[in-house]
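The residues making up each chain are set out below.
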Amino acid sequence: MRINQLISSVADAGREILFNKNQKPVTQSLHDLCADLCSNKGEALGTALAREVVVAYNNANKQQKIDFFFHLLTSYSANPSEVLKAAEAYKSNADYASFKALNDIVEAPRQNLFRRINMAPGGIKTIVQLRQDLLAAIKEHPELKVIDFDLKHLLNSWFNRGFLSLEEIDWKTPAHILEKLIKYEAVHAMNGWDDLKKRLGTNRRCFGFFHPSLPDEPLIFVEVALVKGIADKVQPLIDPDESIDEIDVDTAIFYSISNCQAGLQGISFGNFLIKQVVMELKKEQPSLSQYATLSPIPGFGKWLKRELDNTDSSILTPQQRDSLKALSKDNWHADETTTDALKIQLMPLCAHYLYKAKRRSRPLDPVANFHLGNGAYIQRINWLGDTSDNGIKQSMGMLVNYRYEIDKVEKNHECFVNEGKITVSNDFKKMLP
């Protein structure tokens, strides 16, 4: 019996107890259900109450959910005076009992509530949705951030890499999961089943992480093209001509990585995913000798606009400003004369952005930060590698290859994390202004 079915059977038994106890259908408010859930110790009744909380939360409208978040803040937070009292006791006598008492009182009671909600069938899915709703509410109500601290702490434990399974997704995968690939694709949009079939066709692979409590929901997935040499354009990868698709492949190109659950924002799976997929591909295709990405540069367009708007920018020369006016022309990328002139200006600026534009000691570009943190290095920038509307908008059509050399990944990772050092190829280095 699957774990979700087992939990449902326990919840059914508990609901019968709950109904007999009340002698009427459960109609309590979400707040009252949570109070009962936290006070009840029995497993069957607790699981039934947890399911009622799940149903009540999922039926709540936006304002009711915000009211619930503030209820979590006011009624399920740690008591500051009790925390100080326990801290003073631990300061006076740092033994096990005072240490445990301090830990117990510091933990907000809502963490126990979330754990008990997780007992319900669909409990973990509801908690992930709850966090997605909470993150949206925090934009207008930053005081709710303390609730997210507790949620993220729990979700980091529940979605630990040890609980996840890596699964290959192909055309034989159940249709309800394949539909979610189309829905969640975040890098290169898919327009229906025909596009998906190409992504899963000859010399294409797709892998995803799944959690046992969410067997039908991919958490993250990566799309891979097996090709000859390092790819520099994405359109042939997502819309391949099967008649010329390479047979003698030697390179795996990771061209799209999509996080699927907004409620798991900030909980990293990608670094484990890429490394494990590399291991799987090495076993399947011993001929593969190169592993690299063909990645977007999502922050470059916004960064460039800020520099253009800043008349005191020390990065742009008057000549560059004048040349970059051509970007305002419609379909500038289709005019060879225009693209040749812009390439001379934009490629060094993009190299500067990837290598030198930082927030504190980390790259400003989120994709760069991700891959460099995983131990990859910047190999090269590809001019007009993505001529889709989105590609032109976010990075003037440029894409970048991050190279994963297995024997250098750990060294690159340590240099990046500990020293903030970005490893680049000699060709890339020559492009820097």
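Described below are features of the structure shown in this document. Within each chain, residue numbers correspond to sequence positions counted from 1 in written order. Owing to the predicted nature of the model, reporting of local features is limited to residues with pLDDT of at least 70; listing and counting of side-chain atom pairs is limited to 80 or more, with chain, interface and lining totals taken over all residues. Water and hydrogen atoms play no part in the side-chain values, which are based on all heavy atoms of the structure.

## A look at the environment of D248
The helix and strand labels rest on DSSP assignments: H or I over at least four residues marks a helix, E over at least two residues marks a strand, and numbering proceeds from the N terminus. Residue placement: D248 occurs in the loop between α12 (235–238) and β4 (251–259). Given the relative accessible area of 55%, D248 is considered exposed. When the C-alpha positions of D248 and S323 are compared, they lie 42 Å apart, and in sequence the two are 75 residues distant. To sort residues, take the accessible area from a 1.4 Å probe on protein chains only and compare it with the maximum for the residue type: under 20% means buried, over 50% means exposed, and anything in between is partly exposed.

## Side note on the pattern of salt bridges
What makes a salt bridge here is a side-chain nitrogen of Lys or Arg within 4 Å of a carboxyl oxygen of Asp or Glu, nothing more. Tallying each qualifying case throughout the model produces 18 salt bridges. The partner of E107 in a salt bridge is R115, with the nearest N and O atoms 3.1 Å apart. Here R115 falls in the partly exposed class, since its relative accessible area comes to 32%. Here R199 makes a salt bridge to E185, at a shortest N to O gap of 3.5 Å. One end of the pair, R199, is in helix α11 (residues 193–199); the other, E185, is in the loop between α10 (175–184) and α11, with 14 residues separating them in the sequence. By the burial criterion, R199 is buried, and E185 matches it.

## Observations concerning α10
Within α10, the full set of buried residues consists of I177, L178, K180, L181, I182 and Y184. Pairs of residues are marked as contacts when any of their non-hydrogen atoms sit within 4.5 Å. Contact partners of the buried residues in α10: α11, β2 (204–210), β3 (220–227) and β4.

## Details of the environment of H176
Along the chain, the position of H176 falls in helix α10. Contacts described as polar in this section are N or O atom pairs within 3.5 Å, which, within protein, must combine one atom able to donate a hydrogen with one able to accept it, while residues neighboring in sequence count only if both atoms come from side chains. One polar contact links H176 to D216, side chain to side chain, over a distance of 3.2 Å.

## Overview of the nonpolar core
To qualify as a nonpolar core, a set must consist of buried Ala, Val, Leu, Ile, Met, Phe, Trp, Tyr and Cys residues joined through side-chain atoms within 4.5 Å. By size, the foremost hydrophobic cluster in this structure holds 99 residues, and its most contacted members are F159, F300 and L354. Once residues within four sequence positions are removed from consideration, L354 is found in contact with I297, P363, D365, A368, I378, I381, V400, Y402, I422 and F428. In terms of nonpolar packing, the next biggest core, distinct from the first, is built from 13 residues, I177, Y184, M190 and C260 among them.

## Considerations on the packing of aromatic side chains
The criterion for an aromatic pair is that two Phe, Tyr or Trp rings (for Trp, the six-membered ring) have centres within 6.5 Å, with stacked assigned to planes under 30 degrees apart, edge-to-face to planes over 60 apart and tilted to the rest. In total, this model carries 9 aromatic pairs according to the counting rule given. With 6.0 Å between their ring centres and 55° between their planes, Y90 and F99 make a pair best called tilted. Centre to centre, the rings of W332 and W383 are 6.3 Å apart; their planes meet at 45°, and the pair counts as tilted. Placement of the pair is W332 in the loop between α15 (318–323) and α16 (336–356) and W383 in the loop between β8 (377–382) and α18 (389–395), with a sequence separation of 51 residues.

## Here's the deal with the side chain of T173
Looking at the secondary structure, you find T173 in the loop between β1 (165–168) and α10. Residue contacts for T173: discarding those within four places in its chain leaves E168 and L178.

## Quick word on unusual backbone geometry
Peptide bonds are, in most cases, trans, and in most cases residues other than glycine have a negative phi. Residues other than glycine seldom take positive phi values, yet L384 does so here, at roughly 50°. Within the secondary structure layout, L384 lies in the loop between β8 and α18. The residue M396 is not glycine, and still its phi comes out positive at about 55°. Examined against the element boundaries, M396 turns out to sit in the loop between α18 and β9 (399–403).

## Regarding the environment of G208
Position of G208 relative to the elements: it lies in strand β2. A relative accessible area of 0% means that G208 is categorised as buried. Along the backbone, G208 and N390 are 182 residues apart, and their C-alpha atoms lie at a distance of 24 Å. Setting aside residues no more than four positions away along its own chain, G208 makes contact with S165, L166, E167, I169, I220 and F221.

## A closer look at a positive patch on the surface
Patch members must show over 30% relative accessible area and no salt bridge, and they are joined within 9 Å when carrying like charges or within 5 Å when they are nonpolar side chains of Val, Leu, Ile, Met, Phe, Trp or Tyr. Residue exposure ignores everything except the shown protein chains as possible cover, and the areas themselves are Shrake-Rupley values with a 1.4 Å probe. Under the counting rule used here, the positive set is Lys and Arg, the negative set is Asp and Glu, and His together with the chain ends is not counted. To locate a charge, take atom NZ for lysine, CZ for arginine, CG for aspartate or CD for glutamate. On the surface, a cluster of positive charge is made up of K302, R306, R359, R360 and K393. Tracing the backbone through its elements, the reader meets R359 in strand β6 (residues 358–359).

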